[in-house]
Amino acid sequence: MKKTLMVLMIGCLAGFAAWGQDTAKDDLKKSGQETKDAAKDAGKGVKKGTKKAVNKSAKATKKGASKVEDKTKQ
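Computed from a predicted structure; not experimentally measured.

Participant: So what exactly am I meant to see when it comes to the overall build of the protein chain here?
Facilitator: If you tally the helices and strands in the protein chain, you get one helix and zero strands. The buried share of the protein chain, reckoned over its 74 residues, is 0%. Of the roughly 7,300 Å² of accessible surface on the protein chain, a fraction of 65% belongs to carbon and sulfur atoms.

And the structure:
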C-alpha cells in the first residue's frame, strides 16, 4: 500500500511539474507578442512624429525662402 501511494504521489508531482512548464512557455510567448505589438505601436508613433516635423520644416523653409525672395526683388 505504501509503495502504491508513493508511486501515485510521484506521478502527481511529475504531472504538476509538466503543467507548470507549459504555463511558463505560454506566458513567455504572450510576453513576446506583447513586446512585438508595443514595438510596432512605438514605430508608428515615431513615423507620425517624423512626418509632422518634416512637413513643418518644409513649410518654414518655404516661408523663409519667400521672405528672402521678396527682399531681393526690392
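Participant: Sorry if this is basic, but what is going on with a positive patch on the surface here?
Facilitator: On the surface, a cluster of positive charge is contributed by Lys-48, Lys-52, Lys-56, Lys-59, Lys-63, Lys-67 and Lys-71. For Lys-52, the location among the structural elements is in helix H1 (residues 2-73). Residue classification places Lys-52 among the exposed residues on the basis of a relative accessible area of 57%.

Quick notes on the rules
- Residues numbered from 1 in each chain as written.
- Predicted model: local features only at pLDDT ≥ 70, side-chain atom pairs only at ≥ 80, totals over all residues.
- Heavy atoms only, no water.
- Helix = DSSP H or I, 4+ residues; strand = E, 2+ residues; numbered from the N terminus.
- Buried < 20%, exposed > 50% of the residue type's maximum accessible area, 1.4 Å probe, protein only.
- Areas by Shrake-Rupley, 256 points an atom, 1.4 Å probe, with all protein chains shown as cover.
- Patch = residues over 30% accessible without salt bridge, like charges linked within 9 Å, V, L, I, M, F, W, Y side chains within 5 Å.
- Salt bridge = Lys/Arg side-chain N within 4 Å of Asp/Glu carboxyl O.
- Lys, Arg positive; Asp, Glu negative; His and termini not counted.
- Charge placed at Lys NZ, Arg CZ, Asp CG, Glu CD.

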